[in-house]
Amino acid sequence: MFRSHVEKLGGRTIAGISRLGQFTTFAGVLLDCLITRPFRGRRLIDEVYTIGVLSLVIVCISGGAVGMVLGLQGYTVLTRFGAEEALGSFVGLTLIRELGPVLTALLVTGRAGSAIAAEIGAMVATEQLDGLRMMSIDPTHYVAAPKAAAMVLTMPLLSALFIVCGIGGGYVVGVQFLGIDPGSYLKGLEGSIKFSDDVMGSITKSLVFGILVGMISTYRGYTSAPNAAGVSAATTGTVVVASVLTLIVDYIITALWGV
Amino acid sequence: MSMTEDGTSLRRNTEEVPAHVDILNLRLHFGDRTVFDGLSCRFPQGKITVILGASGGGKSTLLRTIACLQQPDWGDIWVGDKEVTSMHRHQAQQFRRRIGMMFQGGALLDSLTVYDNVSLPLREHTKMTEDEIRETVQHQFTAVGLKNVDQLLPGQLSGGMMKRAALARAMILEPEILLCDEPFSGLDPLAVRLIENLIVETNQRTGVTILMTSHHMGSTMRMADQVVFLVGGAAICGPTKEIQTSVDPRIRSFLRASGADPLSEEELYLDSGFPRHEEEHS
Amino acid sequence: MSKSPVRDLIVGLFVIAGFTAIAYLSVSLGGLTYTGPGGLFLTAKFDEIGGLAPRAQVVVGGVKVGQVTAIDLDEDYRAEVTLEVNGNLAVPEDSSASILTAGVLGDQYIALEPGGSDAMLQTGDEVPYTQSAIILERLIGKLVQNFGGGDDE
């Protein structure tokens, strides 16, 4: 009884380590593909379109909504201390340092990461990747690398747009609805946000999340079983693993570098 | 090599033409399941060889192994003077340029139009200008009998057109070997005949060595120069006529079940209760 | 493979919008300034800098002209503040620098008071006259001392 449990644990450990090794190999091949010619500009543009442009609407709407909530909540808390003018810096700092990069990463995982895993998984199931191999085209180079690269490139852009929409949302609630002086809202933003800490930290976070989501989604699609269940497992796996890892890595970055 | 008495004579026949693909003692396991157990066979140059066998008998796996998409546990595969199984990623990629593969479901990229799919290998591997590419692709489309499909997506094609497009893409780089995985699956009898003629015509026009898997007996008998019969992880090969009249019980039972056994035609005719198609005899 | 101009345009607009957003956050809110390669670096020594911090503003007559880039302690235990001001701004040799506070409890900044000399400061030069930060607590402390026990002096 006890022995079977130990055996099971051992089996799981070995399987986990071999998956980790497989993932590392995949990441290595992916990196290799990013620097090997030909450079697939057209594929990259197409992927920036599907990942970036098609996620734009949900990112902006969510950003605006989050900014408005922050405006309301912040106002309620700050009026207790008579510090309504600090609303600008409250909304701005919260969005730039945490909510912008993290929520964007979660939204993009759900919107585009799952789509990447599903698309590559379906290509595995319909032998399209083998089809590419038979044309002497490396499917990692043709399919996965442009997707991962586009993910890394678009994540900071989407995150910045999320933050700007959020600041706009906070402005609408704070200034238009709650009657805070527009000058003090903007002054609070400008006074509290530092480029080298806050903005750079924000961009760094979203780049790291972009790498994370890009690699996990392409890897899960690539290694999915060639059937419908495999595609669905790859999609779910991507969303779960990428979301949880995003939150954990966010904590690690914040704890280590204080951004 | 598992050879029956008439197998030895078959072997002499196939050796009249030099082998293009030579498989030696191939072994492959998927978990507990043995797919190939010391399989050896040879595919003559410029001929059409049909690989027959039960479903799950490793027909597609054999093609994938030859194409270097599947690593065997043991054994050698010689294509011309190159050994395939020991190749690395980049070597294999280079090697596959000599091979065209027509996949069962077409395997066209569904985000690209048919034209872009067929022109993709040219864009990747040649320095052709846009005009030359257009001309080559149109020529290929004419050869496989495709018209007005340039801007369609693969999802908009019928089964027969999909097979033609897949064939066009497989042949666009003028490979020396063409692998066809179940080219007749999902087609109506008329479309089967058309694709059949197309493959034979491609073979005669370009002299490409064709290896195809099928369980469509009628067309196998009509088009194959040689038949490779996969049974129990090994192969029995020989010219079509001799396989047809083979006395090996495993082959007999397969042929009888497929309704293509010339020795028991009468029986089958009576059993089925359907008048047989004229074309099945031709 | 086939080019679709509309899609390319949309992607281009998206990338521009994204970078504009990053630029807005960095420059307009984050206070990232580009003073050009000819940015003028000056030092100024203070006995007391109070709550002055790097990236604090440097103003002339209330107009922002640069920022504090570094704060160090020199061998005489005085605070050495490095300022970066716009390269095209000429600062006369006899200018003075003061640490002031915005409002009663606001951020501290450095106000440059241009002198009347014709010779201008170059990069690396020191602003000769400085006025240290006024520490509110000490002022209050002094005030209390003066009122309470004048027997100290």
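Residues numbered from 1 in each chain as written. Chains lettered and ligands numbered in written order. Predicted model: local features only at pLDDT ≥ 70, side-chain atom pairs only at ≥ 80, totals over all residues. Heavy atoms only, no water.

Asks: Now, about the domain arrangement of chain C: what can you tell me, with residues and values included?
Replies: Splitting chain C by domain gives domain 1 (1-32) and domain 2 (40-135). Once you take the C-alpha centre of each, domain 1 of chain C and domain 2 of chain C turn out to be 37 Å apart. (Domains from an automatic or database assignment.)

Asks: Explain the pairing of strand β3 (residues 63-73) of chain C to me, and be specific about the residues and the numbers.
Replies: Residue and element names in this part refer to chain C. One ladder, built from 4 bridges, connects strand β2 (residues 57-60) with β3; its direction is antiparallel. Within the sheet, the bridge partner assigned to valine 60 lies in β3 and is valine 63. Judged from the 7 bridges that link them, β3 and strand β4 (residues 79-85) form a sheet pairing that is antiparallel. Bridge pairing links glycine 66 to valine 85 in β4. Counting the residues between successive antiparallel strands, the hairpin from β3 to β4 contains 5 residues, one of them, tyrosine 77, with a positive phi of roughly 60 degrees. (Pairing = 2+ DSSP bridges. Helix = DSSP H or I, 4+ residues; strand = E, 2+ residues; numbered from the N terminus.)

Asks: Kindly report on the interface of chain A and chain B, identifying the contributing residues and their values.
Replies: One frequently used descriptor of interface size is the decrease in accessible area upon assembly of the parts. At the interface, 17 residues of chain A touch 24 residues of chain B. Of the roughly 1800 Å² buried where chain A meets chain B, counting both sides, 54% is carbon and sulfur surface. A per-residue breakdown of the area chain A buries against chain B is headed by Met134, Met135 and Ser136 of chain A, which together make up 38% of the total. Residues arginine 89 of chain B and aspartate 138 of chain A are paired through a salt bridge, measuring 2.6 Å at the closest nitrogen-oxygen approach. (Contact = heavy atoms within 4.5 Å. Buried area = accessible area lost by both parts, 1.4 Å probe. Salt bridge = Lys/Arg side-chain N within 4 Å of Asp/Glu carboxyl O.)

Asks: How would you explain the packing of aromatic side chains if you had to name every residue and give the values?
Replies: Scanning the model with the defined rule gives 4 aromatic pairs over all chains in all. Ring geometry for phenylalanine 23 of chain A and tyrosine 219 of chain A: centres 4.9 Å apart, planes at 90 degrees, overall edge-to-face. Pair noted here: phenylalanine 23 of chain A is in helix α1 (residues 2-35) and tyrosine 219 of chain A is in helix α7 (residues 195-222), with a separation of 196 residues, a long-range link. Each ring, one from tyrosine 171 of chain A and one from tyrosine 185 of chain A, has its centre 5.5 Å from the other, and the planes form 70 degrees; the classification is edge-to-face. Taken together, the positions of tyrosine 171 of chain A in helix α5 (residues 139-177) and tyrosine 185 of chain A in helix α6 (residues 182-192) put the pair 14 residues apart, joining distant regions of the chain. A relative accessible area of 1% places tyrosine 185 of chain A in the buried class. In this structure an aromatic cluster arises from ring pairing among Phe23, Phe26, Tyr219 and Tyr222 of chain A. Positioned above the aromatic ring of tyrosine 142 of chain A is the side chain of arginine 43 of chain A, whose terminal nitrogen or guanidinium carbon lies 5.0 Å from the ring centre. Of note, arginine 134 of chain B hangs over the ring of tyrosine 115 of chain B, and the distance from its end group to the ring centre comes to 4.4 Å. (Phe/Tyr/Trp six-rings, centres within 6.5 Å; stacked < 30°, edge-to-face > 60°. Buried < 20%, exposed > 50% of the residue type's maximum accessible area, 1.4 Å probe, protein only. Lys NZ or Arg CZ within 6 Å of the ring centre and 35° of its normal.)

Asks: Can you break down the packing of α5 of chain A against α7 of chain A residue by residue, with the values?
Replies: Residues and elements named next belong to chain A. One way to put it is that α5 packs onto α7 with a least axis distance of 8 Å and a crossing angle of 145 degrees. At the point where α5 passes α7, the crossing takes the right-handed sense. Taken together, the residues of α7 that come into contact with α5 (itself represented by Pro139, Thr140, Ala144, Lys147, Ala148, Met151, Val152, Met155, Pro156, Ser159 and Ile163) are Ser202, Ser206, Leu207, Phe209, Gly210, Ile211, Val213, Gly214, Thr218 and Tyr222. Its residues assigned to classes, the contact of α5 with α7 comprises 13 nonpolar, 7 polar and 1 charged. (Axes fitted to C-alpha atoms, helices over the stretch in contact; angles between N-to-C directions. Left-handed = near helix turned anticlockwise from the far one by under 90°. Nonpolar A, V, L, I, M, F, W, Y, C, P; charged D, E, K, R; others polar.)

Asks: Lay out the pattern of salt bridges with the relevant residues and their values.
Replies: This structure, assessed with the given rule, holds 26 salt bridges over all chains. Across the pair arginine 3 of chain A and glutamate 7 of chain A runs a salt bridge whose closest N-O atoms are separated by 3.3 Å. In this pair, arginine 3 of chain A and glutamate 7 of chain A both sit in helix α1, 4 residues apart, roughly one turn of the helix. Of the residues examined, arginine 3 of chain A reaches a relative accessible area of 63% and is grouped as exposed. Judged by its relative accessible area of 48%, glutamate 7 of chain A is partly exposed. The partner of lysine 147 of chain A in a salt bridge is glutamate 119 of chain A, with the nearest N and O atoms 2.9 Å apart. With a gap of 28 residues between them, lysine 147 of chain A in helix α5 and glutamate 119 of chain A in helix α3 (residues 87-125) connect regions that are remote in the sequence. Residue lysine 147 of chain A is classed as buried on the basis of its relative accessible area of 1%. Linked by salt bridges that have partners in common, Arg42 and Asp46 of chain A together with Arg7 and Asp8 of chain C make up one network.

Asks: Report on empty space enclosed by the protein, specifying residues and quantitative values.
Replies: Taken as a whole, this structure holds 2 cavities of 30 Å³ or more when the rule is applied. Looking at the largest cavity, its volume works out to about 120 Å³. Met134 and Met135 of chain A together with Gly100, Arg169 and Ala170 of chain B are the residues nearest the centre of the largest cavity, which is lined by 14 residues in total. Counting residues per element, the ones that place at least two in the lining of the largest cavity are α4 (128-134) of chain A together with β6 (99-102) and α6 (159-171) of chain B. By residue number, the principal contributor to the lining of the largest cavity is β6 of chain B, which donates 3 residues. Across the lining of the largest cavity, the residue classes break down as 10 nonpolar, 2 polar and 2 charged. For the second largest cavity, the full set of lining residues is Pro156, Ser159, Ala160, Ile163, Val199, Ser202, Ile203 and Ser206 of chain A together with Ile22 and Leu25 of chain C. Listed by contribution, the elements that provide at least two residues to the lining of the second largest cavity are α5 and α7 of chain A together with α1 (5-29) of chain C. When the residues that make up the lining of the second largest cavity are grouped by side-chain class, the tally is 7 nonpolar, 3 polar and no charged. (1 Å grid on protein atoms, 1.4 Å probe; cavity = no way out; pocket = protein on both sides within 12 Å on 5 of 7 lines; lining within 4 Å. Points joined across faces, edges and corners; volume = space filled by probe spheres on them.)

Asks: How would you summarise unusual backbone geometry if you had to cite specific residues and measurements?
Replies: Negative phi is the rule for most residues except glycine; trans is the rule for most peptide bonds. All names here are of chain B. The phi torsion at asparagine 25 lies on the positive side, around 50 degrees, for a residue other than glycine. Relative to the elements of secondary structure, asparagine 25 occurs in strand β1 (residues 19-30). Of note, asparagine 148 is a non-glycine position whose phi angle comes to about 55 degrees, a positive value. Looking at the secondary structure, you find asparagine 148 in the loop between α5 (130-144) and α6.

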